[in-house]
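These are the residues of each chain, in order.
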Amino acid sequence: MNDSQEVRGDVVTSYKNAPTRTITAGGVAFAYRELGPQPGVPVVFLNHLAGVLDNWDPRVVDGIAAKHRVITFDNRGVGASTGSTPRTIQAMAKDAVTFIRALGFEHVDLHGFSMGGMIAQAIAQTEPQLVRKLILTGTGPAGGEGIKNVTRLSHLDTVRGLLTLQDPKQFLFFTRTANGRRAGKEFLARLKERTHDRDKAISLMSYSAQLKAIHRWGLEQSHDLSVIHQPVLVANGESDRMVPSKNSADLARRVPNGELVIYPDAGHGGIFQFHRQFVETALEFLER
């Protein structure tokens, strides 16, 4: 598809070509991208540990943006956004709300992946009127089993990646089966499709702050998720090492309007491995 087909009128239809913009609010210049049709409730994507704008799978972004306005952004201190990264999920949620309100939205749908799913839960609990629907992927509730081990796993697999000259996400996001390895390579190749105006990588200081925030989330007392009345779609792979998959089942069971999708022979990045199926399910969920 050439570039002219990827911008219809003023509507950007491909994440690869979505310009990076900034908006300043609460003393932070937030870097963001948007694409897809303008009317209706936008879907705001909340990113994973160490994730910047270029870490979103373009197939997932473009798939949702075929029907909905999609907004991705770097939270405070991450990538091209200014400021310093907070050390709690709740403070990250507050910054995300500041960003969303700065864009003038009264209602949004949230898609939170991994750490982003923790931030999405915190937003739904503190600003329920802002959120219409929630998609929580590769994530778990506060105090969820094994979440406090994310730091150790991340360090181990970063070393493993360095020793084998591979991206740590190959180990952290995908299973070690033939399917998982292939899906990981395809995913990592898709992340390189954008060749211009790429985002800055996360700084070590921000990465360290995010690890602390996730660790704290894992040690928290469990929250009362019955206060989240919005429809919630929970999705994960069946073999998530980072945020053990049983946390997804636990989340879906504890929210009043939850539904669960689990992908076979898939890990933390199950929604990227099964991007076609995930996009189809997510669109059907959002359009109900």
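Residues numbered from 1 in each chain as written. Predicted model: local features only at pLDDT ≥ 70, side-chain atom pairs only at ≥ 80, totals over all residues. Heavy atoms only, no water.

1. A short note on the environment of Arg253
At step 1: In this fold, Arg253 is placed in helix 8 (residues 246-254).
At step 2: For Arg253 and Ala120, which are 133 residues apart along the polypeptide, the C-alpha to C-alpha distance reads 17 Å. (Helix = DSSP H or I, 4+ residues; strand = E, 2+ residues; numbered from the N terminus.)

2. Describing the side chain of Arg69
At step 1: Here Arg69 is to be found in the loop between helix 1 (58-65) and strand 6 (70-73).
At step 2: Separated by 2.8 Å, the side chains of Arg69 and Glu34 make a polar contact.
At step 3: Not counting the four nearest positions on each side in its chain, Arg69 is found in contact with Glu34, Leu35, Gly36, Pro37, Gln38, Pro42, Val43 and Phe105. (Polar contact = N/O pair within 3.5 Å; in protein donor to acceptor, adjacent residues only side chain to side chain. Contact = heavy atoms within 4.5 Å.)

3. Here's the deal with the sheet that holds strand 8 (residues 131-137)
At step 1: With mixed pairing, 8 strands are arranged side by side in an open sheet as 3-4-6-5-7-8-9-10. The open sheet has two free edges, formed respectively by strand 3 (21-25) and strand 10 (258-263), since each of these has just one partner strand. Sheet twist, expressed as the average angle between the axes of neighbouring strands with direction ignored, equals 25°.
At step 2: With 6 bridges connecting them, strand 9 (residues 232-237) and strand 10 associate as parallel partners. Bridge pairing links Val232 to Gly258 in strand 10.
At step 3: Packed on one face of the sheet, helix 3 (residues 115-126) meets strand 5 (43-46), strand 7 (108-113) and strand 8 and runs near 145° to strand 7.
At step 4: Set on the sheet, helix 10 (residues 275-287) makes contact with strand 5, strand 7, strand 8, strand 9 and strand 10; between it and strand 8 the angle comes to about 160°. (Pairing = 2+ DSSP bridges. Axes fitted to C-alpha atoms, helices over the stretch in contact; angles between N-to-C directions.)

4. What to know about the nonpolar core
At step 1: Within the largest apolar cluster, 86 residues are counted, with the highest numbers of intra-cluster contacts made by Ile89, Leu110, Ile119, Ile123 and Leu134.
At step 2: Leave out the neighbours within four places in its chain, and Ile123 touches Leu46, Ala93, Ala96, Val97, Leu110, Pro128, Leu130 and Val131. (Core = buried A, V, L, I, M, F, W, Y, C linked by side-chain atoms within 4.5 Å. Buried < 20%, exposed > 50% of the residue type's maximum accessible area, 1.4 Å probe, protein only.)

5. Here we look at the pairing of strand 5
At step 1: Every second residue of strand 5 is oriented toward a common face, with Val43 and Phe45 on one face and Val44 and Leu46 on the other, all of them buried.
At step 2: Summarising the sheet, strand 5 and strand 6 pair through 3 bridges and their orientation is parallel. In the strand pairing of strand 6, Val43 is matched with Val70.
At step 3: With helix 1 bridging strand 5 and its parallel neighbour strand 6, the resulting β-α-β unit is right-handed.
At step 4: When strand 5 meets strand 7, the two strands line up parallel, connected through 4 bridges. Opposite Leu46, over in strand 7, you have Gly112 as the bridge partner. (Right-handed = clockwise from strand over helix to strand, strands pointing away.)

The quantities given are spatial measurements derived from coordinates; they are silent on function.
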